[in-house]
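# Coordinates in review
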Amino acid sequence: MTFKPAQWPRPLRSQEWFGGTGRDQIYHRGWMKNQGLPHDLFDGRPVIGILNTWSELTPCNAHLNDLAQRVKHGIYEAGGFPVEVPVFSASESAFRPTAMMFRNLAAMAVEEAMRGQPMDGCVLLVGCDKTTPSLLMAAASTDLPSIVVTGGPMLNGYYRNERVGSGTHLWKFSEAVKAGEMTQEEFAEAEAGMSRSPGSCNTMGTASTMASMAEALGMALSGNAAIPAVDSRRRVMAQLTGRRIVQMVKDDLKPSDILKKEAFENAIRTNAAIGGSTNAVIHLLAIAGRVGIDLTLDDWDRCGRDVPTIVNLMPSGKYLMEEFFYAGGLPVVIKRLGEAGLLHKDALTVSGASMWDQVKDVRNHNEDVILPTDKALTQSGGVVVLKGNLAPKGAVLKPSAASPHLMVHRGRAVVFEDIDDYKAKINDPDLDIDETCVMVLKHCGPKGYPGMAEVGNMGLPPKVLKKGITDMVRISDARMSGTAYGTVCLHTSPEAAAGGPLAVVRTGDFIELDVPNRRLHLDIPEEELAARLAAWTPTHQTYESGYGWLHQQHVEGADTGADLAFLKGCRGAPVGRDSH
Ligand code: FES
């Protein structure tokens, strides 16, 4: 931790718009004053953009306007000038073809909103899955002082006294309906109790994972991730975040001061300890790409191997974010990593303190939620990176969500050429499939779907479910919801639409999965694989114009974060020319 605060006072970039008596400055100030703003707000104090991903079609973020007011209080209290700015909100539950296709578009739009407007620092007001990484990517590319505050998770869901986790129970209940164990009416009844309050998914799904990643990276105040959306302490957190960003601007504490390789390694280990979403792999690789940190899939495997999963939350365990908060939340987990020698303790955080200083005095209040190491859900909880002739650039698997008896498995492939093919065949009683088979889904990667949908945990065929079987080995180039579970190999790279070996797997081939040896192998002769690849021609749908075209032309593979190639790197925030 070598950060040295800048001298204060000094001129800030916002003064290029608002300072002085020239025509241009009067123009910028004068128009702002139509909002009833006193003149002294333009006197050189830090102008803080509250980048708000509120949207009524992003239900997980629909309460953020209230939190934005709390952030404003904090900014005013600390002597800053808050400006609330609505930004692109990529809703996980509503966007088609998939919110992931718009993560990069959101990041690009937010980056330009930060650079092109008079902001000296930013509060990233986020929650739903893609909103957190997209704004972090933007902040990393502008390198303006920035701090994350999330909207917080929903309260626990309940159905007839059973705890119901967002997403996790959607998959469970829909499979129970298919297996004849639950009626359609009961499923509809459960719907009413799934989402009982404002907030993001209450499982350790992608939203909770990315909130945890922001905290573990040092980009959010300690304790932010788990506070429920409706708990009054969430508002306090928002207000404290508003206060803090003003000082960060005065100190010139930027993302590049915090987002070092050590910060990413802390986040990767934290992800293993919490049983976090595989989506974190793609998002952290993309954020690292924006600050020029050399982070690879191999870092994920290396850092996660020795980390037990100690957070007993769905989808891997039994509780939800509400209980995690009452138990002490993420600071307890980070402290445990530190005690086990698995934390870069000196890593700098947005508070100005080191990671260790922030967590060293916290206590675990519930050992059934944050487990002792000898009772961990799995001793090696890190995301596993598989390689082999089926995934030359890697595939990932989440061990805490997988079945131990399938970790070494050889089975006959049943191939679905794309998600429509899967939907057309999966319920067919004549489909030649049993629980020993390996389900293979193609053309669901970054280019192929396009956007890399969360369909990798494809549901099992009804005739297998009816035998009481709940898991099979599944392989695809898709992602999986952080709320989902199963022995699922994801992000297979290169993807089928880019001509990866996945594209040439045929029904009837045999596939070997060997998690202990990190191997994913298509058991056909080398010459046969080479001949099939040489004969391959693209079959996926392509866009001819619009953002879809831009995305398909420039998106990179999942193994490097699926960013648009031309958006990688830090471009800073030069103030540029004034056109007035
Ligand atoms: Fe928005 Fe899960 S769908 S957080």
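Structure first, text after, so check above.
The text that follows walks through the structure, step by step, so that each part is easy to find.

Cut-offs and rules
- Residues numbered from 1 in each chain as written.
- Predicted model: local features only at pLDDT ≥ 70, side-chain atom pairs only at ≥ 80, totals over all residues.
- Heavy atoms only, no water.
- Helix = DSSP H or I, 4+ residues; strand = E, 2+ residues; numbered from the N terminus.
- Contact = heavy atoms within 4.5 Å.
- Areas by Shrake-Rupley, 256 points an atom, 1.4 Å probe, with all protein chains shown as cover.
- Lys, Arg positive; Asp, Glu negative; His and termini not counted.
- Charge placed at Lys NZ, Arg CZ, Asp CG, Glu CD.
- Buried < 20%, exposed > 50% of the residue type's maximum accessible area, 1.4 Å probe, protein only.
- Polar contact = N/O pair within 3.5 Å; in protein donor to acceptor, adjacent residues only side chain to side chain.
- Core = buried A, V, L, I, M, F, W, Y, C linked by side-chain atoms within 4.5 Å.
- Expected span 1.5 Å × (residues − 1).
- Pairing = 2+ DSSP bridges.
- Axes fitted to C-alpha atoms, helices over the stretch in contact; angles between N-to-C directions.

The secondary structure content of the protein chain amounts to 20 helices and 14 strands. If you line up the protein chain on its principal axes, its C-alpha atoms span 80 × 55 × 50 Å. For the protein chain, long-range pairs separated by at least 24 residues make up 76% of all intrachain contacts whose partners lie at least 6 apart in sequence. Taken as a whole, the protein chain presents about 21700 Å² of accessible surface, with 51% of it coming from carbon and sulfur. Side chains of the protein chain carry 59 positive and 67 negative charges; the gap between the two charge centres is 4 Å.

For the rest of this paragraph, the subject is the side chain of Ser91. With respect to the helices and strands, Ser91 occurs in the loop between strand E2 (81-86) and helix H4 (103-115). Residue class for Ser91 comes out buried when judged on its relative accessible area of 2%. Polar contacts involving the side chain of Ser91 include one to the main-chain carbonyl oxygen of Leu57, which spans 2.8 Å. For Ser91, the side chain forms a polar contact with the main-chain nitrogen of Ala94, separated by 3.2 Å. When neighbours within four sequence positions are excluded, Ser91 is seen to be in contact with Leu57, Thr58, Pro59, Ala99 and Cys128.

Looking now at the nonpolar core. Across soluble globular proteins, nonpolar side chains show a tendency to be buried alongside one another. If you look at the biggest cluster of nonpolar residues, it comprises 102 residues, and the most contacted ones within it are Leu51, Leu124, Phe264, Leu284, Trp300, Phe324 and Val333. If one sorts the elements of this core by residue count, helix H12 (residues 279-291) sits on top with 8 residues. When neighbours within four sequence positions are excluded, Phe324 is seen to be in contact with Met204, Ala226, Val311, Leu313, Gly329, Leu330, Val333, Val369 and Ile370.

So, about helix H9 (residues 232-251). The end-to-end C-alpha separation of H9 is 29 Å, in line with the 28 Å expected for 20 residues at 1.5 Å each. The N-terminus of H9 is capped by Asp231, whose side-chain oxygen sits 2.9 Å from the backbone nitrogen of Arg233.

Right, let's get into the environment of Tyr319. In this structure, Tyr319 sits in the loop between helix H13 (297-304) and helix H14 (321-327). Looking at Tyr319, its side chain comes within polar contact range of the side chain of Asp368, at 2.5 Å.

Before going further, it helps to spend a moment on the sheet that holds E2. The strand order across the open sheet formed by 4 strands is E2-E1-E3-E4, and the pairing between neighbours is parallel. With partners counted over all chains shown, the strands left at the sheet margins are E2 and strand E4 (146-150), one partner each. Within the sheet, the average angular offset between the axes of one strand and its neighbour, ignoring direction, is 20°. As paired strands, strand E1 (residues 47-52) and E2 are joined by 6 bridges and run parallel to one another.

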